[in-house]
Amino acid sequence: MITRAREIYRQIAWKHRFDYILHLDTDILFPRDGLKKLISYDKDQVGFVVHFFYTKSGYKRAIRGVPEKLRRSYESVKSAPAVFKSGNILFLEDKTTKLDYMSWKELKELQKQKQPVRVYASNLSCCLVKKKVYSSMPFRAPPSFRWEDAMWYYAESEEKGFEFWCDTSVRCTHLNTDWGIALKSKQQTTYQLVIGDSSSKD
């Protein structure tokens, strides 16, 4: 569902030749000056830091309604910033899997640079994408690919030479959508804003 929604917005943006697409999940609290700041960096793809389930209550909300056998995967990403070091899928000793996110310690070191840093990928829940990127990057993934379209998108971005950057000095609050409810709902949990020419009257 999300893959299809992202592709529809991508096609609309390209039809109108918009300068950017801003991917922004509905449970992300975005800074008031966030869009202006991301545009000013002039990067192919750039976002802010978004976290996963960094409190016990957030984790409990996240697993509500999730089948028991899938809860281990949620535990493995608890307390992780959603900034990718690589596109690898890690297999853990307890036979669960996790994506290759940075640790908070690694992120803290990057924050000392006080400027956007090059990363493998910045999560699409908060990411600005230039026209030259989205015009040649359709959202897709084979039906058998369990890690959703985002991971496929990251790999294709790397292959085509489109870079991801992250402003580690800004951390957006993530309300941690209750997936028990989301899984039962037909409502989309992701939307995109398309940015084109504008004036003070818009």
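Just so it is clear, the structure is predicted and the values come from calculations on it, not from any experiment.

A few points about the pairing of strand β9 (residues 126-130)
As a general feature of sheets, a regular strand has side chains that alternate between the two faces.
Right, so step 1: Within β9, 5 of the 5 residues are buried, which leaves it mostly tucked inside the rest of the structure.
Right, so step 2: With burial as the criterion, each face of β9 is covered, one bearing Cys126, Leu128 and Lys130 and the other bearing Cys127 and Val129.
Right, so step 3: Of the pairings in the sheet, the one linking strand β1 (residues 20-25) to β9 comprises 5 bridges and is antiparallel in character. Bridged to leucine 24 within β9 is cysteine 126.
Right, so step 4: Where strand β3 (residues 45-52) lies against β9, 3 bridges are found, and the strand directions are antiparallel. Counted as the bridge partner of valine 46 is leucine 128 from β9.

Points about the pairing of β1
Right, so step 1: Most of β1 is tucked away, with 6 of its 6 residues classed as buried.
Right, so step 2: Residues Tyr20, Leu22 and Leu24 line one face of β1 and the alternating positions Ile21, His23 and Asp25 line the opposite face, and both faces are buried.

Quick notes on the confidence of the model for the protein chain
A low pLDDT score tells you not to read the predicted coordinates there in detail.
Right, so step 1: For the protein chain, per-residue confidence averages 76 on the pLDDT scale, and residues scoring 70 or more make up 64% of the total.
Right, so step 2: Below a pLDDT of 50 lies the segment residues 186-202, which in the model reaches 39 contacts outside its immediate sequence neighbourhood of four places, other chains included.

Digging into the nonpolar core
One recurring pattern in soluble globular proteins: nonpolar side chains tend to sit buried together.
Right, so step 1: Counting residues in each nonpolar core, the largest one holds 32 residues, and the members touching the most others are Phe84, Tyr153 and Tyr154.
Right, so step 2: A per-element tally of this core places helix α7 (residues 148-160) first, with 4 residues.
Right, so step 3: Every residue in contact with phenylalanine 84, bar those within four places of it in the chain, is listed here: Leu99, Asp100, Tyr101, Val119, Tyr120, Ala121, Asn123, Met151 and Tyr154.
Right, so step 4: Ranked by size, the runner-up nonpolar core spans 13 residues in total, among them Tyr20, Leu22, Phe48 and Val50.

Looking at the environment of phenylalanine 139
Right, so step 1: Mapped onto the secondary structure, phenylalanine 139 falls in the loop between α6 (131-134) and α7.
Right, so step 2: Along the primary structure phenylalanine 139 and threonine 3 are separated by 136 residues, whereas in three dimensions their C-alpha atoms are 6.0 Å apart.

Some words on helix α1 (residues 2-15)
Right, so step 1: With 14 residues, α1 should cover 20 Å at 1.5 Å per step; its first-to-last C-alpha distance of 20 Å lies within 8% of that length.
Right, so step 2: Restricting attention to buried positions, one finds in α1 the residues Ala5, Arg6, Glu7, Arg10 and Ala13.
Right, so step 3: Backbone geometry just after α1 places arginine 17 at a positive phi near 55°.

A few points about the packing of aromatic side chains
The way to describe two aromatic rings as a pair is by their centre distance and the angle between their planes.
Right, so step 1: For the structure on display, the rule yields 6 aromatic pairs.
Right, so step 2: On the numbers, 4.8 Å between centres and 10° between planes, the contact of phenylalanine 139 with tyrosine 153 is stacked. One end of the pair, phenylalanine 139, is in the loop between α6 and α7; the other, tyrosine 153, is in helix α7, with 14 residues separating them in the sequence. Here phenylalanine 139 and tyrosine 153 have matching classes, each one buried.
Right, so step 3: Positioned above the aromatic ring of tryptophan 14, the side-chain terminus of arginine 17 is 3.8 Å from the ring centre.
Right, so step 4: Its end group placed over the ring of tryptophan 165, lysine 43 keeps NZ or CZ at 3.8 Å from the ring centre.

Cut-offs and rules
- Positions within a chain are numbered from 1, following the residues in the order the chain's sequence is written.
- Under the rules for a predicted model, residues below a pLDDT of 70 receive no local features and side-chain atom pairs below 80 are neither given nor counted, while totals for whole chains, interfaces and linings still include all residues.
- Based on all heavy atoms of the structure, the side-chain values leave hydrogens and waters out of the count.
- Only protein chains enter the accessibility calculation, which uses a 1.4 Å probe; a residue whose area is less than 20% of its type maximum is buried, one above 50% is exposed, and one in between is partly exposed.
- The helix count covers DSSP runs of H or I at least four residues long, the strand count covers runs of E at least two residues long, and both are numbered beginning at the N terminus.
- Strand pairing follows a simple DSSP-based rule, namely that at least 2 bridges must link the two strands.
- Per-residue confidence from the predictor is reported as pLDDT, which spans 0 to 100.
- For this analysis, residues touch if any pair of their heavy atoms sits within 4.5 Å.
- Note on terminology: a nonpolar core comprises buried Ala, Val, Leu, Ile, Met, Phe, Trp, Tyr and Cys residues joined through side-chain atoms within 4.5 Å.
- Each helix should span, by expectation, one fewer than its residue count multiplied by 1.5 Å.
- Ring geometry is summarised as follows: Phe, Tyr and Trp rings, the Trp one being its six-membered ring, pair when their centres sit within 6.5 Å, and such pairs are stacked at plane angles under 30 degrees, edge-to-face over 60 and tilted between the two.
- Whether a charge lies above a ring is judged from NZ of Lys or CZ of Arg, which has to be within 6 Å of the ring centre and within 35 degrees of the ring normal.

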